[in-house]
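Structural overview
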Amino acid sequence: EEEEEMEEDDAEDVDVEDEDELEEEEEEEEPAPKKEKKEQKEQKPKAKKIPHVQTTLTRVAAAALAIKNSKKPLTIEELVKAADEMYVKEGGKPNLKESQSNTVKALHALIAFGVVEEKDGVVRVK
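Presented here is a report on the structure given in the accompanying data block.

Parameters and conventions
- Residues numbered from 1 in each chain as written.
- Predicted model: local features only at pLDDT ≥ 70, side-chain atom pairs only at ≥ 80, totals over all residues.
- Heavy atoms only, no water.
- Salt bridge = Lys/Arg side-chain N within 4 Å of Asp/Glu carboxyl O.
- Helix = DSSP H or I, 4+ residues; strand = E, 2+ residues; numbered from the N terminus.
- Buried < 20%, exposed > 50% of the residue type's maximum accessible area, 1.4 Å probe, protein only.
- Axes fitted to C-alpha atoms, helices over the stretch in contact; angles between N-to-C directions.
- Left-handed = near helix turned anticlockwise from the far one by under 90°.
- Contact = heavy atoms within 4.5 Å.
- Nonpolar A, V, L, I, M, F, W, Y, C, P; charged D, E, K, R; others polar.
- Core = buried A, V, L, I, M, F, W, Y, C linked by side-chain atoms within 4.5 Å.
- Pairing = 2+ DSSP bridges.

Our focus in this paragraph is the pattern of salt bridges. Counting across every chain of the model gives one salt bridge. The closest approach of N and O atoms between Asp84 and Arg59, which form a salt bridge, is 3.1 Å. Linking Asp84 in helix H4 (residues 76-89) with Arg59 in helix H3 (residues 59-69), this pair joins segments that are 25 residues apart in sequence. Of the two residues, Asp84 and Arg59, neither departs from the other in class, the shared state being buried.

This part takes up the packing of H3 against helix H5 (residues 96-112). Direction vectors running N to C along H3 and H5 enclose 65°, while the axes themselves pass 8 Å from each other. As for the relative orientation of H3 and H5, their crossing is right-handed in sense. Listed contacts from H5 to Arg59, Val60, Ala63 and Ile67 of H3 are Glu98, Ser99, Asn102, Thr103, Ala106, Leu107 and Leu110. Residues of the contact of H3 with H5, tallied by class, amount to six nonpolar, three polar and two charged.

Among the nonpolar cores identified, the biggest contains 15 residues, and Leu79, Leu107 and Val123 are the most heavily contacted of them. Mapped by element, the contributors of at least two residues to this core are H3, H4 and H5. The greatest single-element share of this core, amounting to five residues, is contributed by H4. For Leu107, the residues in contact, after removing those within four places along its chain, are Ile67, Ile76, Leu79, Val116 and Val123.

This next bit is on the sheet that holds strand E1 (residues 74-75). Read across the sheet, three strands follow the order E1-E3-E2 without closing on themselves; strand pairing throughout is antiparallel. Only two strands of the sheet have a single neighbouring strand rather than two, namely E1 and strand E2 (116-119). In the sheet, E2 pairs with strand E3 (residues 122-125) via four bridges, with the strands oriented antiparallel. Directly across from Glu117, in E3, lies its bridge partner Arg124.

Written out as structure tokens, the structure reads:
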């Protein structure tokens, strides 16, 4: 009986030792992937940052100037293109969707002040 108890005690000791070893192995494995992630990040080439060019003209101002400088009535589409071209000449990036949005906003303000009128998609300075 004593021998059986000793064997059981030995078996328990082995289990505890195995568990300790497993925990140590798990602890050792966890930091390794973190190091790999850092290495992967370091290996990626960094994107070149393009310096931001400060434009002296906003898109809304470009839209207002396009309306002011027009010698004849223009469609909204023509104003959008003119405003975008003016914005690009001042150092901005071309973006017709953004110019469309800002031109319409500028038109709403100018119509509210009574400076311009819009009828059937054609804008006229009063």
